[in-house]
Amino acid sequence: MRKWTPGQSSPPALAGGVMAQAIGRLGEQGFATELLPALTPLLPAASWSVYRTGLACQPALFLSASHGVPDTTQACWHAYLAGPYVRDRSLHTEAEGESEGASAPLQLCHITAREVPQDHRACVYEAHGVAERVSIVEAEGPESLFAVNFYRHQHQRPFSDAQLGDFEAWSPALLALVRKHLQVSPPAPPPVQPAWRERLQALHPGLTERELDVCERLLRGYTQDGVAADLGLSLPTVKTYRNRAFARLGIHFRNELFARVM
């Protein structure tokens, strides 16, 4: 994992065109979904998210979208909140402990899936086909941060040094753009919960109620331990229901479950 403070270099000319496209959608509903295609020449990410997290604040997901893959960013967020975020220090900055009102520098973070702790990697990265993340991080106080994250998925080539260099150059402008969009855009409506259970039943009418219970929670981002706690079952029992359901559906892994229902 790499962490560094962006330099003062000017963004390349190509970034100016990208920013112009994004500025044109400020405050509009399509801002999140159209930013990724515009950024592809600079950073070919398949999904992105903007959130606030930390033990001293209420975690909140402000924006997220995908490009070229099924959008599982909401499921990734719920999986992250199901446990990994409490122990995740990959985005935390040295500036979080500074006094209130101090100007905290931006920090850039770059991490690959193999560097993420096993439980976090399994339920967020591997379950949703994510392979790499680069982030713009701004500390908002002790144990509270605001992050703009871009994710490479497994079907894509690793980010190159040149792409990371471009990312560094335009990251302050992009952060300012995202902040301004959140200021001027109307409050987002509550997210519509996917009809996971109905989709599962359509895929295989023979799934039992308990198998549906388990699969539905896996799709919502629960770990198997979390499913066991929520349903009041033992972990071996949850694994049995999971294995039976996956056998009926002809799959072996959670990411295949997402692919089927999406």
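Residues numbered from 1 in each chain as written. Predicted model: local features only at pLDDT ≥ 70, side-chain atom pairs only at ≥ 80, totals over all residues. Heavy atoms only, no water.

With respect to the pattern of salt bridges
The tally for this structure, following the rule as stated, stands at 13 salt bridges. R87 is the partner of D119 in a salt bridge, and the nearest nitrogen-oxygen pair spans 2.4 Å. Of the two residues, D119 is situated in helix 5 (residues 118-125) and R87 in helix 4 (residues 84-87); the sequence distance between them amounts to 32 residues. For R87, a relative accessible area of 54% corresponds to the exposed category. Across the pair R179 and E138 runs a salt bridge whose closest N-O atoms are separated by 2.7 Å. Within this pair, whereas R179 is found in helix 6 (residues 161-184), its partner E138 is found in strand 5 (residues 130-141), the two being separated by 41 residues in sequence. Judged by relative accessible area, which is 23%, R179 ranks as partly exposed. Sharing partners across several salt bridges, the network here consists of R197, E209, R210, D213 and E216. (Salt bridge = Lys/Arg side-chain N within 4 Å of Asp/Glu carboxyl O. Helix = DSSP H or I, 4+ residues; strand = E, 2+ residues; numbered from the N terminus. Buried < 20%, exposed > 50% of the residue type's maximum accessible area, 1.4 Å probe, protein only.)

Examining the packing of aromatic side chains
Following the criterion strictly, the structure yields 10 aromatic pairs and no others. Their ring planes at 85° and their centres at 6.4 Å tell us that F150 and W170 sit as a pair that is edge-to-face. You can see F150 sitting in strand 6 (residues 144-153) and its partner W170 sitting in helix 6, a full 20 residues away along the chain. Here the guanidinium or amino end of R2 rests over the ring plane of W4, the centre of that ring lying 4.4 Å away. Positioned above the aromatic ring of F146, the side-chain terminus of R179 is 3.7 Å from the ring centre. (Phe/Tyr/Trp six-rings, centres within 6.5 Å; stacked < 30°, edge-to-face > 60°. Lys NZ or Arg CZ within 6 Å of the ring centre and 35° of its normal.)

Topic: the sheet that holds strand 3 (residues 60-66)
Sheet strands pair via backbone hydrogen bonds, and the direction of the pair is either parallel or antiparallel. Here six strands make up an open sheet; going across it, the order is 1-4-5-6-2-3 and the pairing antiparallel. Each edge of the sheet is formed by a strand with only one pairing partner; in this case those strands are strand 1 (2-4) and strand 3. When the angles between neighbouring strand axes are averaged without regard to direction, this sheet yields 15°. Looking at chain direction, strand 2 (residues 47-53) and strand 3 are connected through six bridges and run antiparallel. What sits directly across from S47, in strand 3, is S66. Where helix 6 meets the sheet, it contacts strand 1, strand 2, strand 3, strand 4 (107-112), strand 5 and strand 6, and its direction lies at approximately 55° from that of strand 5. (Pairing = 2+ DSSP bridges. Axes fitted to C-alpha atoms, helices over the stretch in contact; angles between N-to-C directions. Contact = heavy atoms within 4.5 Å.)

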